[in-house]
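Architecture and fold: a report
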Amino acid sequence: MDNRSDLIKLGDEDIYLILYLWKVKGYETKELAQRFHISAESLEDLLSGHVRRDCYRGFNRIEKYLVETY
């Protein structure tokens with residue numbers, strides 16, 4: 001499976017959920033890869049912002065806003 005093909009099947013909601021579970025709830029990457037049926041390499045690319053950049057940037061903006069206002 002190519003590095004990004006497993007991420008293409010996920011909707012934006014799934015991507016935001018993955019980012020939330022990882023950044024806020026502290027889930028391990030292994031747990032996330034199994035839960036969402038994606039490869040570890042794809043997950044690393046997602047969590048570093050190399051793929052699905054719009055979702056990654058959007059999540060970071062929301063997180064920054066919430067930290068600054070609460």
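Quick look at the structure, then.

Conventions used here
- Residues numbered from 1 in each chain as written.
- Predicted model: local features only at pLDDT ≥ 70, side-chain atom pairs only at ≥ 80, totals over all residues.
- Heavy atoms only, no water.
- Helix = DSSP H or I, 4+ residues; strand = E, 2+ residues; numbered from the N terminus.
- Rg over C-alpha atoms; globule rule 2.2 N^0.38 Å.
- Contact = heavy atoms within 4.5 Å.
- Lys, Arg positive; Asp, Glu negative; His and termini not counted.
- Charge placed at Lys NZ, Arg CZ, Asp CG, Glu CD.

Time to look at the overall build of the protein. Scanning the protein for helices and strands turns up five helices and zero strands. Ordered by position from the N terminus, the helices and strands of the protein form the series α-α-α-α-α. Relative to the globule expectation of 11 Å for 70 residues, the C-alpha radius of gyration of the protein, 12 Å, shows essentially globular dimensions. Its C-alpha atoms put the protein at 40 × 20 × 20 Å along the principal axes. Sequence-distant contacts in the protein: of pairs separated by 6 or more residues, those separated by 24 or more amount to 64%. Mean positive and mean negative side-chain charge positions of the protein (11 and 13 charges, respectively) differ by 3 Å.

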